Amino acid sequence: MKVIAMVPARNEAWIIGHSLACLSPFCDVILVGDRESEDGTREICRRFPKAVVLGAPPESRIREQRWQLLDAARDYDGHNLLWATDADELVSPGRMARFLDRHRAELVPGCAVELLDYTLWNSPREYRDYSYYQPLWKRVGFVDDRRADFD
């Protein structure tokens with residue numbers, strides 16, 4: 001089973017390097033769907049050997065980018081763990097690597113992976129804990145059964 005990240009992007013130079021640095025230790029491939037960024041996003045992606053930049057028309061919507069990324073991820077054989085986060089959603093690479101080491105055998109086709117998502121506020125040590133921004137469980141990946149599709 002490969003771990004394939006799918007990251008839509010448009011003018012994400014401010015964060016894409018951090019995102020790819022977090023994903024690289026536990027992902028085998030990082031697919032970046034770029035909608036003609038004008039801020040150096042693609043150049044930053046080229047610094048990461050696991051990143052594969054896919055062009056997307058600037059008028060495409062996020063859902064169309066996600067379809068493109070899913071199709072590209074399915075070019076890799078097998079029931080892979082498909083990781084779907086935005087460029088500004090960072091994950092601890094060490095914790096993910098440990099999770100995969102411990103639970104890889106349980107990750108069977110159709111299985112979803114959820115993380116507790118925090119919205120940081122003013123610093124990396126503070127987060128919002130009210131209203132919509134409170135920590136919530138968010139599905140960020142699934143083991144592809146090769147049948148699931150976006151609506």
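Just so it is clear, the structure is predicted and the values come from calculations on it, not from any experiment.

1. Details of the overall build of the protein chain
For step 1, the next point in the chain: The helix and strand inventory of the protein chain stands at four helices and six strands.
For step 2, the next point in the chain: When the helices and strands of the protein chain are listed from N to C terminus, the series reads β-α-β-α-β-α-β-α-β-β.
For step 3, the next point in the chain: Here the C-alpha radius of gyration of the protein chain, 15 Å, is about what a compact globule of 151 residues would show, namely 15 Å.
For step 4, the next point in the chain: Dimensions along the principal axes, computed over C-alpha positions, put the protein chain at roughly 40 × 35 × 30 Å.
For step 5, the next point in the chain: Relative to its 151 residues, the protein chain shows a buried fraction of 36%.
For step 6, the next point in the chain: By element, 49% of the accessible surface of the protein chain is carried by carbon and sulfur atoms, the whole surface being about 9,000 Å².
For step 7, the next point in the chain: Charged side chains in the protein chain number 21 positive and 25 negative. The centres of these two groups are separated by 3 Å.

2. Quick look at the nonpolar core
For step 1, the next point in the chain: Counting 26 residues, the largest nonpolar core has Leu-20, Leu-23, Phe-26, Ile-30 and Trp-83 as its most contacted members.
For step 2, the next point in the chain: Residue assignment for this core shows that the elements contributing at least two residues are β1 (3-9), α1 (16-23), β2 (29-34), α2 (41-45), β4 (81-84), α4 (93-103) and β6 (136-143).
For step 3, the next point in the chain: In terms of residue count, the dominant contributor to this core is β1 (four residues).
For step 4, the next point in the chain: Formed by 10 residues, the second largest nonpolar core is a distinct cluster that contains Val-29, Leu-31, Leu-54 and Leu-69.

3. Notes on the pairing of β2
For step 1, the next point in the chain: Counting buried residues along β2, six of its six residues qualify, which places the element largely inside the surrounding structure.
For step 2, the next point in the chain: The side-chain alternation of β2 yields two buried faces, one formed by Val-29, Leu-31 and Gly-33 and the other by Ile-30, Val-32 and Asp-34.
For step 3, the next point in the chain: Note that β1 and β2 share six bridges and pair parallel. Each residue of the ladder has a partner; that of Ala-5, found in β2, is Ile-30.
For step 4, the next point in the chain: Taken together, β1, α1 and β2 form a β-α-β motif whose crossover is right-handed.

4. Observations concerning a nonpolar patch on the surface
For step 1, the next point in the chain: Taken together, the side chains of Leu-116, Tyr-118, Leu-120, Tyr-127 and Trp-137 make up a nonpolar region of the molecular surface, amounting to roughly 540 Å² of accessible area.
For step 2, the next point in the chain: Judged by its relative accessible area of 57%, Trp-137 falls in the exposed class.

Rules of the game
- Residues numbered from 1 in each chain as written.
- Predicted model: local features only at pLDDT ≥ 70, side-chain atom pairs only at ≥ 80, totals over all residues.
- Heavy atoms only, no water.
- Helix = DSSP H or I, 4+ residues; strand = E, 2+ residues; numbered from the N terminus.
- Rg over C-alpha atoms; globule rule 2.2 N^0.38 Å.
- Buried < 20%, exposed > 50% of the residue type's maximum accessible area, 1.4 Å probe, protein only.
- Areas by Shrake-Rupley, 256 points an atom, 1.4 Å probe, with all protein chains shown as cover.
- Lys, Arg positive; Asp, Glu negative; His and termini not counted.
- Charge placed at Lys NZ, Arg CZ, Asp CG, Glu CD.
- Core = buried A, V, L, I, M, F, W, Y, C linked by side-chain atoms within 4.5 Å.
- Pairing = 2+ DSSP bridges.
- Right-handed = clockwise from strand over helix to strand, strands pointing away.
- Patch = residues over 30% accessible without salt bridge, like charges linked within 9 Å, V, L, I, M, F, W, Y side chains within 5 Å.
- Salt bridge = Lys/Arg side-chain N within 4 Å of Asp/Glu carboxyl O.

Limitation: the analysis is restricted to geometry and does not speak to function.
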